[in-house]
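# Survey of secondary and tertiary structure
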Number of protein chains: 2
Amino acid sequence: MRTYSSVPFSDVRITGPFWTERLDTVLTRTIPSQLRRLEEHDIRGSIKLPKPVPPPTIPIERNNFTVQIFWDSDIGKWIEAAAYALSHRRDTVIEAEVEAIIDDLAAAQAPDGYLNCWYLEREPENRWTNTRDNHELYCAGHLLEGAVAYYQATGKDRLLNILERYVDHIADVFGTRPGQKRGYPGHPEIELALMRAFHATGKQKYLDLASYFVDERGNTDGVEHFYTAEAKARGADPAHYWAGTYEYCQAHLPVREQTKVVGHAVRAMYLYAAMADLAAEQGDAALKAACEALWADVTERRMYVTGGFGPSASNEGFTKDYDLPNDTAYAETCASCAMIFWAARMLNLDLEGEYADILETALYNNTLAGLSQDGEFYFYDNKLESDGSHYRWPWHRCPCCTMNVSRLVASVAGYFYGLADSEIAVHLYGGAETELPVAGGKVVLRETSNYPWDGKIRIELVPEGTGEFTLSLRVPAWCEDASAKLNGAELPIKTERGYLKIRRAWHKGDIVELDLPMVPERLYAHPDVRHDFGRVALRRGPLVYCVEQVDNDMPVNRLRLPPDADLSARVDRDLLRGTVVIEASARVTLGDDWGKALYAPRRAREKDTVLAAVPYYLWCNRGQSAMQLWLRE
Amino acid sequence: MRTYSSVPFSDVRITGPFWTERLDTVLTRTIPSQLRRLEEHDIRGSIKLPKPVPPPTIPIERNNFTVQIFWDSDIGKWIEAAAYALSHRRDTVIEAEVEAIIDDLAAAQAPDGYLNCWYLEREPENRWTNTRDNHELYCAGHLLEGAVAYYQATGKDRLLNILERYVDHIADVFGTRPGQKRGYPGHPEIELALMRAFHATGKQKYLDLASYFVDERGNTDGVEHFYTAEAKARGADPAHYWAGTYEYCQAHLPVREQTKVVGHAVRAMYLYAAMADLAAEQGDAALKAACEALWADVTERRMYVTGGFGPSASNEGFTKDYDLPNDTAYAETCASCAMIFWAARMLNLDLEGEYADILETALYNNTLAGLSQDGEFYFYDNKLESDGSHYRWPWHRCPCCTMNVSRLVASVAGYFYGLADSEIAVHLYGGAETELPVAGGKVVLRETSNYPWDGKIRIELVPEGTGEFTLSLRVPAWCEDASAKLNGAELPIKTERGYLKIRRAWHKGDIVELDLPMVPERLYAHPDVRHDFGRVALRRGPLVYCVEQVDNDMPVNRLRLPPDADLSARVDRDLLRGTVVIEASARVTLGDDWGKALYAPRRAREKDTVLAAVPYYLWCNRGQSAMQLWLRE
């Protein structure tokens, strides 16, 4: 069933200006500052504790932060982000830091392979007693992802070997054989990590364990639900589950029976990513069908226009269909990262433009917003409207998002291309170079563009050998007037499921030009999204725009964009290190004739004005400022 | 400085249909069912515990409710509500229940007069160690209010005597003399209760203690802030105050320096009510000025159109100017009750129509919504928009609102009239009869009307004696075309601060007719209320309307009321036991041409429709239903 494989980050070199800038920032600012923050908050130290030493050597409260049971995951994610960055540009200081952490992890690992620093230090007797809540498997997954990335980036396998021992231990503890626990992670993550380890090493045991965790999830066929049995075993009342329902962790049903996207958004989409990967790997039609049903559910009813997911802070997740409040949006940065992981794996099942469209939306909007332009401040939740009180933080009590956005940006090259036997699919644009094995030969592909600011894309192919293959170029759904040329000659634009497919015997120096005109346009929400009813959003290319107070004289919450207002785009090289601004004739409600009354039986006066909108992902880089994405029409 | 006195509930008889129905419901349904609920949840039992008996005889968790430190207050409020109802119609069963509770309270009272059942039972050694958080003074206040009301309604003073002993004890503990605690309640309430006791008994000690609590509040002049000192004294770190700031309980500044309405909404407005009462009683210009500043702040920037207060659940209170979200509105029922208490006291400082207008708005909208039509279900929070998931509960873990709305409704007669030496002010209409001492004589006043459904009001005066006095009739701000007649002859409508003042020597049988035409009209919010921007509300007379799904075929969140749409009102005697419905030509957005996309660069189709709106206070009496108050225009 697997038709395509992702081309890994390590095989693609970013050359375009947009991502080069983000990668440089992440390498030079974000990753070093994250290490400092990990140290300041004792997260770095949490993996080199003397052990076992009760009472804990780190006080529970320090620097106003609480020692967290999931901190190994943050170390794993930092290693992963650092690995991607090292692949982009070697850095001896960062590499030495990673090695020092690996030293500590090696020293911390128990003789049986177990490696969770919270439990080793604090409650070794309670290992594997609460997989529902306590993140042991989640932490193992993130360490494994870090190990795989570091191996792929540097060829060094010491950490991967440590994790392989840990995975062997986990595979002893969990499974369906007598004496094994029939458990699975309350926070899915290790499943997709195991699949990455399988792809990187080819070792069947990783695939088998991933498959077990996915298949066992929510199983009540002849057995008691594992979390119920596990709670009883540790003397807890399963009815007192703090989250109330196993929907919270997507363990309410076997995964193949799940059709509604529910619960904690990051858990959900990490799980679906693994499901899609497994479906492709194992040719599992039922698993694929579940992924497709879940995809339709979330993208048709539970997604912000920015590619954000999970409106509610209380469960960090999903609520109801079309429930998408703007000023209280949670839309966690991690959740849009998770969607990108999932969408990339759906693209390996089917070359369906919608998967790439939503990957792109999540990437350029909700996800990129998670990191400040200077690379050192973060949004955990990504609101679509603010009175000015919402701003990026230098760190979080739960710093999951900080290293999710850095690892995503640092690995963006891994999302550009898909590969089949005789087909290269180009999912993203923005300037990237790669050499790919295709149709029995090799081809160098050089894509150059100023995407996402401009839709003019040029691809040069340098094949080695003469095999015929298909070059499939994504034509985004946002683009209505795409055109293309092959060596200067117009090509008919006939797309298959969102891709323009050019099949031929390619020659050295063949040039494909794709023009995706970017015009500012209005977007409307489904009429059941009551929060956006009567409102309009602005989009240009893959970027959703917002109106930020700092660019506008009049209060942004008093602006209205009439249905017939002109929209125009202009490049501003000085603003926000260079961006495209959308301007529109608009109306603003004045307060000058209103008086002091809070309510009155008359409208306030309006007058003409001009509004300026900037890309949503760039908001809040010039101090705190009110912001509005959905404008009254 | 006191110009007017409220005419107490016990001197006014409700005769009109609207309030007669509500009073009957409260007497026959609400008060008996509340007693059952108090028993089911052990609240009734919490005051007859054997004591001191550690461990507690009531388990902390029972019926899924936690024994609450503030339960004495609920008993006090129930007695108060029952007393008002008894004044309306004697009921031997209810009276016997009150007497039984008084027996228990008498038995529970400590020899020194102390009377808090939580502390007596559970932690007698900790009395008065945490006035900031632990509601001892708040509970005392509610018991005292109950005692005063029961005394006024029945003439029985046994409970009042018990409370007098308790107040004497409190006056020993708190004050500025050496050895006394310079404390004051974290939850204001006792201050207004003490003022009520003073008005009912004339005993100066009640006034003095109220005055002390108000004056000492927030004092840091030469002393450490009391809550800081108190926290240290009990070994707690004052920096770890869970609410973060003394603004939460309005103890951040001395009250005369407070100009911004902040913190917990009920605490705030209970305090302001006492401040207004004290200002009137003591001729305290600085206190009056503070009340006026706070009044302007809350009514001009922090009030829902329904007379709801405090948008935020997290502090049960105020946030920022113009921050009035609809679907997450907290707008606690208790807070609008508290506003009514405050407004009534402001009316005794100055006969200012605005005070009565807002009292009326809070009464007929946010407050009445708190109680179901059948009298047994309650809103704690009063949202202005719902997807259908918000509904009235039979009880609450913290049942403060349930008995606030019942005592308010049962005492509504006490808000109709104000009295000065030679002036009677009529604040509310709806059918009420009273006999008042004025200008050295007495006058019987009989007001008849079908208010709030109809604005035609008839007042018959039967004076005894010949003194000249002024009859001041409120002309609500919502009414633009009021007219009036005296014995059939047209009177010029010239109002002074919202009141039409008729001064003359009155004769038996004089008839004043006041016509306040009620037309459905549009209301708009101040342009800085971003949640209501581009939206319109409907009002007729004092009632704010909403669109409830059960009355409308099309989804209420897809309705739009164009600026030029006709509005009409019609009586529907069968709907909701008889009400006035507003109908309007409107537009509805269809989904039929939209497809599955969540976002698209085109509008969905609209078509004409007719919407039906019902009074907001009546919503959710026909099962769960989506509701929208502010409509797109």
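Residues numbered from 1 in each chain as written. Chains lettered and ligands numbered in written order. Predicted model: local features only at pLDDT ≥ 70, side-chain atom pairs only at ≥ 80, totals over all residues. Heavy atoms only, no water.

### Brief notes about the overall build of chain A
- Within chain A, the regular secondary structure consists of 14 helices and 26 strands.
- In terms of C-alpha radius of gyration, chain A reaches 25 Å, essentially the compact-globule figure of 26 Å for 633 residues.
- Each principal axis of the C-alpha atoms in chain A carries an extent, and together these give about 75 × 70 × 50 Å.
- Nonlocal contacts in chain A, meaning residues at least 24 apart in sequence, comprise 70% of its contacts between residues at least 6 apart.
- For chain A, the computed accessible surface area is about 21,500 Å², with 49% contributed by carbon and sulfur atoms.
- When the 70 basic and 91 acidic side-chain charges of chain A are each reduced to a single mean position, those positions are 2 Å apart. (Helix = DSSP H or I, 4+ residues; strand = E, 2+ residues; numbered from the N terminus. Rg over C-alpha atoms; globule rule 2.2 N^0.38 Å. Contact = heavy atoms within 4.5 Å. Areas by Shrake-Rupley, 256 points an atom, 1.4 Å probe, with all protein chains shown as cover. Lys, Arg positive; Asp, Glu negative; His and termini not counted. Charge placed at Lys NZ, Arg CZ, Asp CG, Glu CD.)

### A few points about the nonpolar core
- One finds Trp78 and Trp342 of chain A to be the most contacted residues of the largest nonpolar core, which totals 236 residues.
- No other element matches the 14 residues that helix 10 (residues 265-282) of chain A contributes to this core.
- Ignoring anything within four residues of it in the chain, the contact list for Trp78 of chain A reads Ile31, Gln34, Leu35, Leu38, Ile94, Glu97, Val98, Ile101 and Met403 of chain A.
- Membership of the second largest hydrophobic core comes to 235 residues, among which are Ala149, Phe213, Ala482 and Ala586 of chain B. (Core = buried A, V, L, I, M, F, W, Y, C linked by side-chain atoms within 4.5 Å. Buried < 20%, exposed > 50% of the residue type's maximum accessible area, 1.4 Å probe, protein only.)

### Concerning the interface of chain B and chain A
- Each partner contributes to the interface: chain B provides 51 residues, whereas chain A provides 52 residues.
- Roughly 4,100 Å² of surface becomes buried between chain B and chain A when both sides are summed, with 53% attributable to carbon and sulfur atoms.
- Here Glu385 of chain B makes a salt bridge to Arg530 of chain A, at a shortest N to O gap of 2.5 Å.
- Taken together, chain B and chain A are joined by 22 residue pairs in polar contact (both at pLDDT 80 or more).
- For the side of chain B that touches chain A, the secondary-structure elements that each account for two or more residues are helix 11 (285-301), strand 17 (521-525) and strand 23 (599-600) of chain B.
- By residue number, the principal contributor to the side of chain B that touches chain A is strand 17 of chain B, which donates five residues.
- The pairing of strand 23 (residues 599-600) of chain A with strand 17 of chain B spans two bridges and is classified as antiparallel. Across the sheet, the residue bridging to Tyr599 of chain A is Ala525 of chain B, located in strand 17 of chain B. (Buried area = accessible area lost by both parts, 1.4 Å probe. Salt bridge = Lys/Arg side-chain N within 4 Å of Asp/Glu carboxyl O. Polar contact = N/O pair within 3.5 Å; in protein donor to acceptor, adjacent residues only side chain to side chain. Pairing = 2+ DSSP bridges.)

### Overview of the relation of the copies chain B and chain A
- Rotating chain B by 180° and translating it 0.0 Å along the rotation axis places it on chain A, where the RMSD comes to 0.0 Å. What the superposition gives is, in effect, a two-fold axis relating one chain to the other. Of the C-alpha atoms belonging to chain B, the one lying closest to the rotation axis is found on Gly534 of chain B, 4.4 Å away.
- Of the interface residues in chain B, 100% have counterparts in chain A that sit at the interface too, so the contact is made through matching surfaces. (Least-squares fit on C-alpha atoms with pLDDT ≥ 70 in both.)

### A few points about helix 13 (residues 353-369) of chain A
All names here are of chain A.
- The end-to-end C-alpha distance of helix 13 is 23 Å, a good match for the 24 Å that 17 residues give at a rise of 1.5 Å each.
- At Leu363, helix 13 shows its strongest bend, of approximately 35°.
- Helix 13 sits mainly inside the fold: 15 of its 17 residues count as buried. (Expected span 1.5 Å × (residues − 1). Bend = angle between axes of the 7 residues up to and from the residue.)

### Describing the sheet that holds strand 9 (residues 441-449) of chain A
Residue and element names in this part refer to chain A.
- The strand order across the open sheet formed by seven strands is 2-8-9-10-16-12-13, and the pairing between neighbours is antiparallel. The sheet is open, and its two borders are formed by strand 2 (12-14) and strand 13 (489-491), each paired with just one other strand. Adjacent strand axes in the sheet meet at a mean angle of 20° when their direction is disregarded.
- Across six bridges, strand 10 (residues 456-464) lies against strand 16 (residues 510-515) in antiparallel orientation. Looking across to strand 16, one finds that Ile457 is bridged to Leu514. (Axes fitted to C-alpha atoms, helices over the stretch in contact; angles between N-to-C directions.)

### Thoughts on the pattern of salt bridges
Residues and elements named next belong to chain A.
- The final tally for this structure, using the stated rule, is 128 salt bridges over all chains.
- Across the salt bridge formed by Glu95 and Lys156, the nearest N and O atoms sit 2.9 Å from each other. Of this pair, Glu95 sits in helix 3 (residues 92-108) while Lys156 sits in the loop between helix 5 (136-154) and helix 6 (158-173), and the two are 61 residues apart along the sequence.
- Judged by its relative accessible area of 10%, Glu95 is buried.
- Taking relative accessible area as the criterion, Lys156 reaches 32% and is therefore assigned partly exposed.

### Observations concerning the pairing of strand 22 (residues 579-589) of chain A
Residues and elements named next belong to chain A.
- With eight of its 11 residues buried, strand 22 lies for the most part within the structure.
- Here strand 20 (residues 559-560) pairs with strand 22 via two bridges, running antiparallel. Each bridged residue has a counterpart across the sheet, and for Arg560 the counterpart in strand 22 is Arg587.
- Sheet analysis places strand 21 (residues 567-572) next to strand 22, joined by six bridges and oriented antiparallel. Considered in strand 22, the bridge of Arg570 is made with Val581.
- Between strand 21 and strand 22, which pair antiparallel and follow one another directly, the connecting turn spans six residues, one of which, Leu576, has a positive phi of 50°.
- Strand direction decides the pairing type here: strand 22 and strand 24 (residues 606-615), joined by eight bridges, are antiparallel. If you follow Glu583 over to strand 24, its bridge partner there is Ala612.

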